[in-house]
Amino acid sequence: MLDVVELLARSGNAPLRFSDVVRELDLTQATAHAILKTLCDRGWASRDPVVKTFTLGPALAVVAARTDTARPLAHAARGAALRLSREVGYACSVVERFGESLVVTAFEGEPATQPSGIPGDRIPYAPPFGVALAAWDTAEEQRAWIRRGVGANADRTRRLEQVLEHTRERGFDVDWTTPALAQAVQVVGTLDSNEMPTPVRHIMDQLLVEFTTIGFLSDDNPGRRKQPVVTIAAPVFDTRRQVALMLAVHPLCPLSARQIRVIGKKLTDETTAVSPQPRPGEIEPAV
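Description of the structure in this document.

Rules used throughout
Residues numbered from 1 in each chain as written. Predicted model: local features only at pLDDT ≥ 70, side-chain atom pairs only at ≥ 80, totals over all residues. Heavy atoms only, no water. Salt bridge = Lys/Arg side-chain N within 4 Å of Asp/Glu carboxyl O. Helix = DSSP H or I, 4+ residues; strand = E, 2+ residues; numbered from the N terminus. Buried < 20%, exposed > 50% of the residue type's maximum accessible area, 1.4 Å probe, protein only. Pairing = 2+ DSSP bridges. Phe/Tyr/Trp six-rings, centres within 6.5 Å; stacked < 30°, edge-to-face > 60°. Lys NZ or Arg CZ within 6 Å of the ring centre and 35° of its normal. Axes fitted to C-alpha atoms, helices over the stretch in contact; angles between N-to-C directions. Contact = heavy atoms within 4.5 Å. Core = buried A, V, L, I, M, F, W, Y, C linked by side-chain atoms within 4.5 Å. Expected span 1.5 Å × (residues − 1). Arc of directions from axis to C-beta.

**Considerations on the pattern of salt bridges**
- Taken as a whole and assessed by the stated rule, the structure comprises 14 salt bridges.
- The residue Glu-270 makes a salt bridge to Arg-83 at a minimum N-O spacing of 2.8 Å. Of this pair, Glu-270 sits in helix H11 (residues 257-274) while Arg-83 sits in helix H5 (residues 72-88), and the two are 187 residues apart along the sequence.
- Given a relative accessible area of 11%, Glu-270 falls into the buried group.
- The exposure class of Arg-83 is partly exposed, given its relative accessible area of 43%.
- Salt bridges linked by common partners bring Arg-17, Asp-20, Arg-23 and Glu-24 together as one network.

**Some remarks on the sheet that holds strand S1 (residues 16-17)**
- In spatial order, the strands read S1-S3-S2; together these 3 strands make up an open sheet with antiparallel pairing. Here the strands that pair on one side only, and so sit at the sheet edges, are S1 and strand S2 (45-47).
- Across 2 bridges, S1 lies against strand S3 (residues 53-56) in antiparallel orientation. Counterpart to Arg-17 in the pairing with S3 is Thr-53.

**Quick word on the packing of aromatic side chains**
- If you walk through the whole model with that rule in mind, you get 0 aromatic pairs.
- In this structure, Arg-170 packs its charged tip against the face of Phe-172, placed 5.5 Å from the ring centre.

**Side note on the pairing of S3**
- As defined by bridge partners, S2 adjoins S3 across 3 bridges and the pair is classed as antiparallel. Looking at S3, one finds that Ala-45 is bridged to Leu-56.
- Linking two consecutive strands that pair antiparallel, namely S2 and S3, is a turn of 5 residues; a positive phi of about 60 degrees is found at Lys-52 within it.

**Remarks on the sheet that holds strand S7 (residues 173-175)**
- Overall, antiparallel pairing links the 6 strands, which are arranged S6-S5-S4-S10-S9-S7 in an open sheet. Lying at the two open borders of the sheet, with one neighbouring strand each, are strand S6 (122-124) and S7. Each adjacent strand pair in this sheet contributes to an overall mean axis angle of 30 degrees, direction not counted.
- Relative to strand S5 (residues 101-108), strand S4 (residues 91-98) runs antiparallel, the two being bridged by 7 bridges. By the bridge assignment for S5, Ser-93 is matched with Phe-107.

**Some points on the environment of Leu-7**
- Relative to the helices and strands, Leu-7 is located in helix H1 (residues 2-10).
- A relative accessible area of 7% places Leu-7 in the buried class.
- Along the backbone, Leu-7 and Glu-24 are 17 residues apart, and their C-alpha atoms lie at a distance of 8.2 Å.
- Excluding residues that lie within four positions of it along the chain, Leu-7 makes contacts with Leu-16, Val-21, Glu-24 and Leu-25.

**A look at the nonpolar core**
- Core analysis: the biggest nonpolar cluster contains 24 residues, and Ile-232 and Leu-267 have the highest contact counts within it.
- For this core, the secondary structure elements donating two or more residues are H5, S4, strand S9 (231-237), strand S10 (243-250) and H11.
- Take this core: its biggest share by element is 7 residues, from H5.
- Membership of the second largest hydrophobic core comes to 22 residues, among which are Ala-132, Trp-136, Val-163 and Ala-233.

**A look at H5**
- Given a rise of 1.5 Å per residue, 17 residues ought to cover 24 Å, and the 24 Å separating the end C-alpha atoms of H5 matches this to within 8%.
- Of the positions making up H5, those classed as buried are Leu-73, Ala-74, Ala-77, Ala-80, Ala-81, Leu-84, Ser-85 and Val-88. All buried residues of H5 fall inside an arc of 135 degrees around its axis, so they share one side. Pointing more than 90 degrees away from the buried face of H5 are the exposed residues Pro-72 and Arg-86.
- Where H5 is buried, its residues touch S4, S5, S9, S10 and H11.
- Immediately downstream of H5, the backbone of Gly-89 shows phi near 85 degrees, a positive value.

Here is the structure:
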């Protein structure tokens, strides 16, 4: 049922037909009919009697009205994304972690296009995604994040540890992982290298080393030419000074090292302002 609600939310202003729900969620017609009827009866979905399409229902307005007070940090981050988008001229988003997934919970700026995502989109919390969260996460969660991307490979582990360390030193993450590169990571990662001849296995291992780190653009070389930057992201902390979510800018264009630093400074100014001050006696997050 929740999958149907999320699908209706992702569709935005484009109403969905019954067949769309069946196809997108791979449901039987009987199951889809039962879910949609229940949602419509409860007001969580609405059915247009003329064109027979479905949209989110009025009952969700009650939930939406309470979201700002129930989730004040996420609300503040969305306000920061809106201000930042207007200031830098690029789309901005708020990304939160749910288990081993990252979810885009707000998007401000120009219409959302890949690879920025739209609210409700989920991506794995694994390399090369979520560096701005992992870099300030606990040591245990950092190890888990790395394992999800590279397993027990010592070389890839070392390189990702360096990525996290460099990100903390810089204060924000810079990423140019394109959709094509992200797809390549997933395809190569699903292949069983143990079934491959030794030379091929070595090539695959090296590809994963490159794929899982190539998206992390080093901007500390002032002589570097402009590079296509997809995302510049920084963490927002909660009252316990634990990383809660991340605020991201999506330039989707080539930027110089100086431009990256300027955007990064504006971004971290916003995340610092949004993050609540730690209560007396509390310490900084351990990494």
